[in-house]
Amino acid sequence: MNLKKANSGNFVWSLAAWMALACLAPIAQADEADSNNDAIYNEPMAIESCVIRTTWDQGSSSLHPQVIEALLQSSGVWGRAVEEVFGDGKSGRLVHLEARLETLNVSESKHIGGDSLVTLVARLEVEVQTADGHSERAKTKILLKRVCDLLQKSLVEFSEATIMEQHERKAQLEAELNQARTEFHKIMTERQAFREKNNVSDPTYRNLVNLLDSLAHDRDKMELERSVFQARRDAMQEQVARLSKEATQEPVEKPVVEQLRKIVAIRQEALQKTEDMAQTGRISHSELDAIRVEVAQAQAELARAEEDAQRDFAARMHEMGGNFIVDMNHELTRMAIDEADMEAKYKATVERMHNVREALKVSEEFELLGGKRLDIARSRLEDVQRNLAEIERRIETTVRPKMTIIGMN
């Protein structure tokens, strides 16, 4: 019998039915003997019993009270114990053989990992009746002890079969995990190659649409800022030009300055003639020096007049906003730098929008490389990882069934 199949509920009943068939023949023989001789029931019957307590891990084993009953009635436990103690029974001396398992209590408790430990307390009773009226109490005690030993061994074998199934399941999940990882990485590699080929970082259609909307918003904002910036710059340039024109239209020099310049020119001309005359001796050097003094005095008066005129001009420029013009020229310089930076950002945004529109053209192809296929592969990978972790935890925390004989009557 293959006890590995005991994981399913249906198998529990199949196992019980099969085990029942294993002991059907001796029971049938006993029934036939009973039908032939009702007096046999009056012969002595040997009855022995004990209480057994069996504990197993509910999450890691398919054991159940019905399964334990089926194991008890199987040929490997009851059938073997009877044969070892009483022989093959062909003599017909044995007219009644029976083993019963009466459930007294079933309880659950928690252990490591949160799984439940099930504890079954049951009375195990065996009955033996012979046709010759001799009591078989001694052998019945031996039979009960042998049944307990074989049942405990059968429980351990059943547990080992379950543990073996868990290891087989673990190996299967590890193979599935490798396959799932391979498929997932294959899709991711194809998608990465597609990104590099088409020069896009994330060609998912929805993400690209969202990115394009964001870039369009940034572009519109920059266009508005450019319009405001240009209007401000034009207004400042217009004001600077107007004030500069007004300042240049104002008379810079006073009439006295012009007169002094004429006087200086006349005296310089007279000095030149006097020098020529001094060379021919027609005039003395003292007269020449006097004319030179007059020229110097005229030049000094002209310099003072020009300086006064410059101060007056500076005062007028200040009154007309000369410092403001200087400040606005500095501001216009800074604005030119900012405008260049703004223009560069605007061009970069427009260019990126163009690239995103191009990426949208190939996004559908990219979705075919991934999309639902990638979601399925990722979900499968996560499921296998989760199942593998669970079976590893069960293997690590598995508690093998343990049967204790509490007493014998």
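Above this text sits the structure in question.
Residues numbered from 1 in each chain as written. Predicted model: local features only at pLDDT ≥ 70, side-chain atom pairs only at ≥ 80, totals over all residues. Heavy atoms only, no water.

A.B. asks: Just give me the short version of the packing of helix 3 (residues 65-73) against helix 4 (residues 75-86), but keep the residues and values in it.
C.D. replies: Helix 4 packs onto helix 3 with a crossing angle of 35 degrees between their chain directions and a minimal axis gap of 4 Å. On the side of helix 3, the interface is formed by Leu 71, Leu 72 and Gln 73, while helix 4 contributes Ser 75, Val 77 and Trp 78. A class-by-class count of the residues in the contact of helix 3 with helix 4 yields 4 nonpolar, 2 polar and no charged. (Axes fitted to C-alpha atoms, helices over the stretch in contact; angles between N-to-C directions. Helix = DSSP H or I, 4+ residues; strand = E, 2+ residues; numbered from the N terminus. Contact = heavy atoms within 4.5 Å. Nonpolar A, V, L, I, M, F, W, Y, C, P; charged D, E, K, R; others polar.)

A.B. asks: Can you tell me about the pairing of strand 3 (residues 116-130), naming the residues and giving the values?
C.D. replies: Burial of strand 3 is extensive: 14 of the 15 residues sit out of reach of the surface. Of the strand pairs in this sheet, strand 1 (residues 45-57) and strand 3 are connected by 13 bridges, and their pairing is antiparallel. Residue pairing across strands places Thr 55 opposite Thr 119, the latter belonging to strand 3. For strand 2 (residues 94-110) and strand 3, the ladder comprises 15 bridges, and the chain directions are antiparallel. Opposite Arg 100, over in strand 3, you have Glu 125 as the bridge partner. (Buried < 20%, exposed > 50% of the residue type's maximum accessible area, 1.4 Å probe, protein only. Pairing = 2+ DSSP bridges.)

A.B. asks: Describe the pattern of salt bridges, naming the residues involved and giving the relevant values.
C.D. replies: This structure, assessed with the given rule, holds 12 salt bridges. Between Glu 125 and Arg 100 there is a salt bridge; the shortest N-O distance is 2.0 Å. In this pair, Glu 125 sits in strand 3 while Arg 100 sits in strand 2, placing the two residues 25 residues apart along the sequence. The class of Arg 100 is partly exposed, set by a relative accessible area of 28%. (Salt bridge = Lys/Arg side-chain N within 4 Å of Asp/Glu carboxyl O.)

A.B. asks: Requested: an account of the environment of Glu 84, with residues and values cited.
C.D. replies: For Glu 84, the location among the structural elements is in helix 4. The exposure class assigned to Glu 84 is partly exposed, which follows from its relative accessible area of 41%. Sequence spacing of Glu 84 and Arg 146 is 62 residues, and the spatial spacing of their C-alpha atoms is 8.7 Å. Side chain to side chain, Glu 84 and Arg 146 meet in a polar contact 2.5 Å long. (Polar contact = N/O pair within 3.5 Å; in protein donor to acceptor, adjacent residues only side chain to side chain.)

A.B. asks: Can you tell me about the side chain of Ser 154, naming the residues and giving the values?
C.D. replies: Assignment of secondary structure puts Ser 154 in helix 5 (residues 137-198). Assessed through its relative accessible area of 10%, Ser 154 is described here as buried. If near-sequence neighbours (up to four positions away) are discounted, Ser 154 is found in contact with Leu 71 and Val 77.

A.B. asks: Could you give an account of helix 4, naming the residues involved and the relevant values?
C.D. replies: Spanning 12 residues, helix 4 covers only 14 Å between terminal C-alpha atoms, well under the ideal 16 Å at 1.5 Å per step. Restricting attention to buried positions, one finds in helix 4 the residues Val 77, Trp 78, Ala 81, Val 82, Val 85 and Phe 86. Seen from one end, helix 4 has its buried residues packed into an arc of 110 degrees, which puts them on one side. Phi for Gly 87, located one or two positions after helix 4, is positive at around 80 degrees. (Expected span 1.5 Å × (residues − 1). Arc of directions from axis to C-beta.)

A.B. asks: Quick rundown of the packing of aromatic side chains? Include the residues and the values.
C.D. replies: On inspection of all chains with the given rule, the structure shows 0 aromatic pairs. When the ring centre of Tyr 346 is taken as reference, the NZ or CZ atom of Arg 226 above it lies at 4.2 Å. (Phe/Tyr/Trp six-rings, centres within 6.5 Å; stacked < 30°, edge-to-face > 60°. Lys NZ or Arg CZ within 6 Å of the ring centre and 35° of its normal.)

A.B. asks: I'd like a description of the environment of Val 295, backed by residues and values.
C.D. replies: By secondary structure assignment, the location of Val 295 is in helix 8 (residues 285-319). Since its relative accessible area comes to 5%, Val 295 is described here as buried. In this structure, the C-alpha to C-alpha distance between Val 295 and Gln 268, residues 27 residues apart in sequence, is 6.2 Å. In contact with Val 295, not counting residues within four places along its chain, are Arg 267, Gln 268 and Leu 271.

A.B. asks: Describe the state of the cysteines, with residues and values.
C.D. replies: Counted according to the given criterion, the structure contains 0 disulfides. We note that Cys 50 lacks a disulfide partner, and the nearest cysteine sulfur, in Cys 148, lies 3.6 Å from it. (Disulfide = S-S within 2.5 Å.)

A.B. asks: Can you explain helix 7 (residues 255-280)? Please cite residues and give values.
C.D. replies: Look at helix 7: 39 Å from first C-alpha to last across 26 residues, which is about the 38 Å you get at 1.5 Å a residue. Taken as a whole, helix 7 has its buried residues at Val 257, Leu 260, Val 264, Leu 271, Thr 274 and Ala 278. One or two positions beyond helix 7, positive phi appears at Gly 281, with a value near 85 degrees.

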